[in-house]
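# Structural features, examined
Here is what each chain is made of, one letter per residue.
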Amino acid sequence: MMLSKEMLKKRIDVAAKRIPADLVVKNGKIINVFTREILTDSIAIVDGYFAGIGDFEGYETIDAAGKYIVPGFIDGHVHIESAMVTPSEFSNVVLPHGVTTIIADPHEIANVSGSDGIEYMLNASEGIPLDVLFMLPSCVPATHFENSGATLDHTDLSPFYSHPRVIGLGEVMDYPSILYKDEKMLSKLLDAELKGKCIDGHASGIDADGINVYMAAGIRTDHECVSSQEALDRLRRGMYVMLREGSAAKDLVSLLKAVNENNARRCLFVTDDKHLDELVNEGSINYNVKAAIKEGLDPLLAIQMATLNAAECFGLKTKGAIAPGYEADFLLLNELDSIDIEQVFKSGKLVAKNGTVINTSQSKITPFPSIIDSVNISPISKNDLNIKVSEGKKANIIKIIPNMIITKHLIEEVKNVNGFFQPNTIDDHLKIAVLERHHNTGNIGLGIIKGLEMKSGAIASTVSHDSHNIVAAGTNDDDLITAISLTAEMKGGLVIVEDGQLLASLPLPISGLMSNMDSQYIYERIEELNQSLIKIGCTMEFNPFVTLSFLALPVIPEIKLTDIGLFNVKLFKHIEVEV
């Protein structure tokens with residue numbers, strides 16, 4: 001809501017106690033994130049903003065009855081597409097968990113559908129209760145070592161900066177382009193800088209010297225730390241460190257070892273990529289806060305990180321605190337340590353209670369035809385999936401590390417039949433394929449993975465970061481071909497096949513990334529997928545689809561697979577499967 005002179009006058013009159021507030025919440029224990037203390041007092045709200053703390057009269061009064069009043073949580077970096085729902089359904093899911101603002105990066109849909117994808121996300125998030133602020137995707141494509149659906153340069157991005165909810169340039173993951181002063185990348189950085197926008201980083205595997213380069217380029221955040229030392233390297237050079245706990249990358253506990261009283265004000269929480277079932281069952285930023293408290297972090301410090309720190313990181317001057325002149329986004333908690341949320345208020349209005357959203361949001365935006373029709377491949381044969389490994393030769397293998405998006409590069413002997421790799425469930429050597437699905441180039445990258453622990457069948461998905469080509473893994477070629485074909489037929493989604501039969505699927509027709517159905521329907525289909533994964537032998541200690549989706553991301557160490565072939569991230573070049 002745009003502030004007018006009349007609204008400002010009214011806010012001042014309420015603060016001065018000349019007129020009643022719209023709403024007064026009395027007898028609450030206010031979490032003051034500025035001073036990290038608890039104040040027993042009342043709050044006055046007018047036109048969706050806090051007008052004062054103290055003894056006020058209001059047209060409506062709520063008795064907090066000693067409950068804790070906490071600022072609404074802010075997710076500092078999230079890809080809505082990873083939940084496989086539209087922005088309105090995402091709002092329905094995260095609001096009950098106390099998240100009232102998110103900093104979204106439409107990087108995923110932009111890599112498939114370009115500017116159309118960004119425009120869709122802006123339109124689909126308009127007017128919903130959740131505040132969705134956007135960072136424009138900086139790396140479309142993520143690298144030149146794969147093929148994506150679009151290419152966006154600074155001239156494509158620049159017009160979007162005029163949108164009131166676009167606040168910066170999203171995760172810059174192409175470190176070599178910065179290091180070697182690529183003209184196109186420098187134009188993106190300079191355009192954001194000159195417009196006074198924030199710039200997010202993505203410094204996976206980058207050492208302290210590399211962070212010097214990032215900071216010199218104007219990049220001020222990183223969400224890719226996996227160790228306390230990496231976090232300290234970034235904090236000591238002035239970066240904000242985002243403590244991530246998503247579906248594939250669960251780094252929170254490791255990173256908390258770096259957080260202390262002296263540096264915590266430069267730390268905030270993010271989810272990055274989190275599947276719908278985990279958002280429903282665990283929560284969002286509330287889960288990060290709860291987990292941090294469980295690990296010994298002071299509750300008031302954890303709440304400060306989830307609110308004020310995130311707001312200050314992005315220059316959001318009216319968010320993140322219970323204070324006059326701040327937006328009235330707040331939670332009522334029964335218990336502090338467990339973050340037991342009873343009610344959620346957005347702009348002074350009750351939007352969720354006891355884990356349920358009050359009025360569900362529904363998107364009325366129809367995606368562009370280009371967004372719906374985004375899967376374009378030709379039929380494939382077994383010959384297309386042959387991996388040459390000569391007798392007596394070893395193979396380069398992608399080793400999955402559970403609950404992490406980094407991988408390990410192994411060199412091992414593999415089963416060989418007529419000079420070609422044969423999947424072997426005893427040694428957990430499975431075949432993986434990445435098929436270019438945007439322009440029907442016919443590109444198929446092939447490799448071998450270890451750690452997926454499938455005993456039969458195959459799985460396929462159009463969710464594969466960041467170019468979102470089709471990624472499939474399996475124990476035999478017949479099921480691989482069936483899974484890939486079914487994924488294409490339903491215009492994108494997740495598929496599980498065994499013995500040529502479809503066990504479970506989740507159609508994702510919006511750029512092959514999101515469903516146009518409600519969150520309950522999607523949740524039920526995910527549960528069917530999970531049960532089918534167990535049937536084909538996956539232990540479910542980690543989410544195989546989430547893990548699979550990051551095996552095609554060539555900016556995360558050590559070894560990945562693109563549609564062009566096996567990629568060594570340390571060497572930054574493609575390599576053969578056969579050693």
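The name given to the protein in an unreviewed UniProt entry is Adenine deaminase, and the organism recorded there is Cytobacillus dafuensis. UniProt, in its Catalytic activity (unreviewed entry) section for the protein, records the words "adenine + H2O + H(+) = hypoxanthine + NH4(+)". In the Cofactor (unreviewed entry) part of its UniProt record, the protein is described as follows: "Mn(2+)".

### Overview of the UniProt feature "domain: Amidohydrolase-related" (unreviewed entry) in the protein
Following the UniProt record, one finds the feature "domain: Amidohydrolase-related" (unreviewed entry) at residues 68-351. Summarising residues 68-351: 35% helix, 21% strand, and an end-to-end C-alpha distance of 17 Å.

### Some remarks on the packing of aromatic side chains
This model, assessed by the stated rule, comprises seven aromatic pairs. Aromatic side chains Phe50 and Phe330 sit 5.9 Å apart centroid to centroid with 50° between the ring planes, which places their arrangement in the tilted category. With a gap of 280 residues between them, Phe50 in strand β3 (residues 49-53) and Phe330 in strand β14 (residues 330-335) connect regions that are remote in the sequence. The exposure class of Phe330 is buried, given its relative accessible area of 0%. Between Tyr175 and Tyr214 the ring centres are 5.6 Å apart and the planes differ by 40°, which places this aromatic pair in the tilted class. Of this pair, Tyr175 sits in helix α5 (residues 175-179) while Tyr214 sits in helix α7 (residues 208-216); the two residues are 39 residues apart in sequence, bridging distant segments of the chain. A relative accessible area of 16% means that Tyr175 is categorised as buried. Grouping aromatic residues by their ring pairs yields a cluster made of Phe50, Phe330 and Phe345. Its end group placed over the ring of Tyr240, Arg266 keeps NZ or CZ at 3.9 Å from the ring centre. Sitting above the plane of the Tyr287 ring, Lys274 keeps its charged end 4.7 Å from the centroid.

### Some details on the sheet that holds strand β11 (residues 221-222)
With parallel pairing, the three strands of this open sheet are ordered in space as β11-β12-β13. The sheet terminates laterally at β11 and β13 (267-270), the two strands that pair on one side only. As defined by bridge partners, strand β12 (residues 240-244) adjoins β13 across four bridges and the pair is classed as parallel. Within β13, the position partnered with Arg244 by the bridge is Val270. Sheet contacts for helix α11 (residues 285-294): β12 and β13; angle to β13, the most-contacted strand, approximately 130°. Together, β12 and β13 form the strand contacts of helix α12 (residues 299-306), whose direction differs from that of β13 by roughly 70°.

Cut-offs applied
Residues numbered from 1 in each chain as written. Predicted model: local features only at pLDDT ≥ 70, side-chain atom pairs only at ≥ 80, totals over all residues. Heavy atoms only, no water. UniProt positions renumbered as here; feature names shortened; annotations may be inferred. Helix = DSSP H or I, 4+ residues; strand = E, 2+ residues; numbered from the N terminus. Phe/Tyr/Trp six-rings, centres within 6.5 Å; stacked < 30°, edge-to-face > 60°. Buried < 20%, exposed > 50% of the residue type's maximum accessible area, 1.4 Å probe, protein only. Lys NZ or Arg CZ within 6 Å of the ring centre and 35° of its normal. Pairing = 2+ DSSP bridges. Contact = heavy atoms within 4.5 Å. Axes fitted to C-alpha atoms, helices over the stretch in contact; angles between N-to-C directions.

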